[in-house]
Amino acid sequence: MIKQAIIPLAGLGTRMLPLTKAFPKELWPLGNKSILENVLDECFDTGINEVILVISKKKKSIKDYFKKDTILEKKVKNKPELLKSLKNLNKISSKIKFVYQDKPKGLGHAVLCAKKLIKSKHFLLLLPDDIINGKNSSKELIAINKKTNSSVIAIRKVIKKDVKRYGIVGFDNSKNLKINKMVEKPSVKNSPSQFAIIGRYILNKSIFNYLGKQKSGKLGEIQITDAMNAMLFHENFYGCKFKGKYLDCGTINGYINSFKEINKK
Ligand code: UTP
């Protein structure tokens, strides 16, 4: 059973500057809650009972957001909907732990910062820039993990010219989606397929051994794709073509479109 998840939140959000300078994008609204709560709800809905949030000193407001605030609770005690939303944060707070990443050395490094807290063989990893609407994609990954007892990655077909924006996978067997290659932001010429990695993963905790040895890759950061590619020689990875609608909350235009999509009646 997968009971733990990691959500890395310590990135700088440079694509959305200056809006992300003082206010983390993960706390921006999407529907009637923050982007982060959308992702947390997806986690808890699968039965996950502990989520590790990787934050930085610059993103302490995320910790504050989940802190119990008795003054506010008193203030809205006669407004049931508002009180309920505050109490819900307290409930979430009992299931989350925070770890700090000292410097933004990359997604791979952020995941490595949570190493000591991961207990079971597999854990879920979710990136809040990627919202998958309509169907719980984490549940779909967990179903494949149950069948294969292996690591699983959410994948989605992208147009050729976009492969350079993503981690791209190649397949051993395109029927059962067994992966044999992963490349971070390849050129069109060197891309093993048009299937891009989207921010939902189930990883064997042996990933920490590979991350520990991983040198900086593209953009001078420790890339999780490079560590997973090294792990591929020893462990099985499967792709999961999720059914929900992918929404990109990592750019301003993507965020605006996601906001409209979630608010559609
Ligand atoms: P991105 O590479 O998309 O970076 O991170 P970012 O900071 O979110 O945004 P841009 O690209 O600068 O606009 C993917 C995920 O990994 C986390 C981010 O918070 C995001 O959830 N991350 C990235 C870290 O936690 N630490 C890092 O050093 C880098």
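Our structure's up above, just so we're on the same page.
Residues numbered from 1 in each chain as written. Predicted model: local features only at pLDDT ≥ 70, side-chain atom pairs only at ≥ 80, totals over all residues. Heavy atoms only, no water.

A.B. asks: Just checking my understanding: could you explain the site of the ligand for this structure?
C.D. replies: The environment of the ligand is made up of 17 residues, and the closest members are Pro8, Thr14, Arg15, Lys25 and Gln101. Proline 8 has a polar backbone atom sitting 2.7 Å from an oxygen atom of the ligand. Here an oxygen atom of the ligand and a backbone polar atom of glycine 106 are 2.8 Å apart. If the ligand stood free it would expose 570 Å²; the protein chains cover 85% of that surface. Residues that form the shell around the ligand fall into these classes: eight nonpolar, five polar and four charged. (Near = heavy atom within 4 Å. Polar contact = N/O pair within 3.5 Å; in protein donor to acceptor, adjacent residues only side chain to side chain. Areas by Shrake-Rupley, 256 points an atom, 1.4 Å probe, with all protein chains shown as cover. Nonpolar A, V, L, I, M, F, W, Y, C, P; charged D, E, K, R; others polar.)

A.B. asks: Please clarify how the packing of aromatic side chains should be interpreted in this entry.
C.D. replies: Aromatic ring pairs are defined here through the distance separating the ring centres and the angle between the ring planes. Evaluated as defined, the whole model comprises five aromatic pairs. Relative to tyrosine 255, the ring of tryptophan 28 has its centre 4.9 Å away and its plane inclined at 75°; by these criteria the two rings are edge-to-face. Taken as a pair, tryptophan 28 in the loop between β1 (4-8) and β2 (29-30) and tyrosine 255 in helix α9 (residues 252-263) lie far apart in primary sequence, 227 residues in all. Taken as a pair, tryptophan 28 and tyrosine 255 share a single burial class, namely buried. Cluster of aromatic residues (ring-pair linked, three or more members): Trp28, Tyr255 and Phe259. The lysine or arginine in question, lysine 95, covers the ring of phenylalanine 44, its NZ or CZ lying 4.6 Å from the ring centre. Positioned over the ring face of tyrosine 210 is lysine 213, at 5.9 Å from the centre of the ring. (Phe/Tyr/Trp six-rings, centres within 6.5 Å; stacked < 30°, edge-to-face > 60°. Helix = DSSP H or I, 4+ residues; strand = E, 2+ residues; numbered from the N terminus. Buried < 20%, exposed > 50% of the residue type's maximum accessible area, 1.4 Å probe, protein only. Lys NZ or Arg CZ within 6 Å of the ring centre and 35° of its normal.)

A.B. asks: Before we go on, may I ask you to explain the pattern of salt bridges in this structure?
C.D. replies: Across all of its chains, the model carries 19 salt bridges by this definition. With a closest N to O distance of 2.8 Å, glutamate 42 and arginine 200 form a salt bridge. With glutamate 42 in helix α1 (residues 35-45) and arginine 200 in strand β11 (residues 195-204), this residue pair connects regions lying 158 residues apart in the sequence. In this structure, glutamate 42 and arginine 200 share a single accessibility class: buried. Sharing partners across several salt bridges, the network here consists of Lys161, Asp162, Arg165 and Asp248. (Salt bridge = Lys/Arg side-chain N within 4 Å of Asp/Glu carboxyl O.)

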